[in-house]
Amino acid sequence: MLRFASLGSGSRGNATLVQGGDTLVLVDCGFPLKELRWRCALVGVDPCAIDAIFVTHEHGDHTRGVGPVARALGVPVWMGHGTWLARDYGALPDRNLFNSHDGSIRVGELWIEPVTVPHDARDPAQFVIEYRDRRLGLLTDLGSHTPYIVTRYRQLDALLLECNHDPVMLSNGPYPPALQARVSGDYGHLNNDQAADFLRRIDHASLHHLVVGHLSEKNNRPELASQTLCRAVPDIAARLALLVQDQVSAWFELGDS
Ligand SMILES: [Zn+2]
Ligand SMILES: [Zn+2]
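Residues numbered from 1 in each chain as written. Chains lettered and ligands numbered in written order. Predicted model: local features only at pLDDT ≥ 70, side-chain atom pairs only at ≥ 80, totals over all residues. Heavy atoms only, no water.

Asks: Lay out the packing of helix H8 (residues 192–201) against helix H9 (residues 222–232) in plain terms, naming residues and giving numbers.
Replies: Viewed as axis vectors pointing N to C, H8 and H9 meet at an angle of 35°, and their least axial separation amounts to 9 Å. Two packed elements cross with a definite hand, and for H8 against H9 that hand is right-handed. Every residue of H9 that contacts H8 at Asn192, Asp193, Ala195, Ala196, Leu199 and Arg200 is listed here: Leu224, Ala225, Thr228, Leu229 and Ala232. Along the lines of polarity and charge, the residues of the contact of H8 with H9 split into 7 nonpolar, 2 polar and 2 charged. (Axes fitted to C-alpha atoms, helices over the stretch in contact; angles between N-to-C directions. Helix = DSSP H or I, 4+ residues; strand = E, 2+ residues; numbered from the N terminus. Left-handed = near helix turned anticlockwise from the far one by under 90°. Contact = heavy atoms within 4.5 Å. Nonpolar A, V, L, I, M, F, W, Y, C, P; charged D, E, K, R; others polar.)

Asks: How would you explain the coordination of the zinc ion (ligand 2) if you had to name every residue and give the values?
Replies: For the zinc ion (ligand 2), the full set of protein donor atoms is His57 (NE2), His59 (ND1), His119 (NE2) and Asp141 (OD), and the range of their distances to it is 2.2 to 2.6 Å. Metal-centred angles of 90 to 169° between the 4 donor atoms at the zinc ion (ligand 2) mark the site as irregular. Read from N- to C-terminus, the donor residues coordinating the zinc ion (ligand 2) fall into the pattern H-x1-H-x59-H-x21-D. A spacing of 3.6 Å is found between the zinc ion (ligand 2) and the zinc ion (ligand 1), which share aspartate 141 as a donor. Linking histidine 59 in the loop between strand E4 (52–54) and helix H2 (60–63) with histidine 119 in the loop between strand E8 (110–116) and strand E9 (125–131), this pair joins segments that are 60 residues apart in sequence. Exposure remark for histidine 119: the relative accessible area of 3% places this residue in the buried category. (Donors = N, O, S within 2.8 Å, 3.2 Å for Na, K, Ca; no water. Tetrahedral: all angles 85-135°; square planar, octahedral: opposite > 155°, others 65-115°. Buried < 20%, exposed > 50% of the residue type's maximum accessible area, 1.4 Å probe, protein only.)

Asks: Before we move on, can you summarise the sheet that holds E9 with the specific residues and values?
Replies: Across the sheet, which stays open at both edges, the 7 strands sit in the order E7-E8-E9-E10-E11-E12-E13 with mixed pairing between neighbours. For this open sheet the edge positions go to strand E7 (105–107) and strand E13 (240–242), each flanked by a neighbour on one side alone. This sheet shows a mean twist of 20° between the axes of neighbouring strands, independent of strand direction. When E7 meets E8, the two strands line up antiparallel, connected through 3 bridges. If you follow valine 107 over to E8, its bridge partner there is leucine 110. Lying over the sheet, H8 contacts strand E10 (134–139), strand E11 (158–162) and strand E12 (209–213), oriented at roughly 155° with respect to E11. H9 contacts E12 and E13 of the sheet and is inclined by roughly 160° relative to E13. (Pairing = 2+ DSSP bridges.)

Asks: Give a description of the nonpolar core that names residues and reports values.
Replies: Core analysis: the biggest nonpolar cluster contains 27 residues, and Leu139, Tyr153, Leu159, Phe198 and Leu210 have the highest contact counts within it. Elements with a minimum of two residues in this core: helix H5 (147–152), E11, H8, E12 and H9. Here the element with the most residues in this core is H8; it accounts for 4 residues. In this structure, Phe98, Leu138, Leu160 and Leu243 belong to the second largest nonpolar core, which totals 25 residues. (Core = buried A, V, L, I, M, F, W, Y, C linked by side-chain atoms within 4.5 Å.)

Structure below.
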């Protein structure tokens, strides 16, 4: 079985557990060690079972805990070259750097493919993760989608997709103009309409789970995100789940086909 759970999603911290068979990886670690421990406990995971940490990009909401957690658990870390150069993680016990165009990385029973995305970081990547014939796509922290991303995210069984903001709420919201421009720009974050457009472009009929994440707490509302997605793809409603910043999700499971 391939399964995944969000330990938190949004600008105050991100971390996602992905498990295929006996292999468990943590994608991003925006939480301190102590917090990661209790968040893992809520989904029944001993952090010592984590086989590797994969890092999407250097922003603090994805990396705050990477160094401390890797050192405490003695776990290997994988990230792009630019992500390593962009931030001081301290010494890592087992540091592995990838080029996003070099194809999939194997960790135990999982194959993890980095996919370059447009975001205002040095070397931002997101991941498509395979276990046997099941495919999970993780896609947050991108300002726009590209034909390349659409191609890489084909034939997924599950997708965790960013719906960061509602464009009207962002423009009427509390952010200063420069930050609004950053968030809504091509290298910022995906808004609800862009996410819906992306969903239309991939073969969404095969999705068992569409999990919506990285919602802005100030510039979006969960019902706006789900309404926009359901308008674009009406039959997605039964397969849709929304992540909340401070809540650990349930496990989303994909049985062997
Ligand atoms: Zn982020
Ligand atoms: Zn980011």
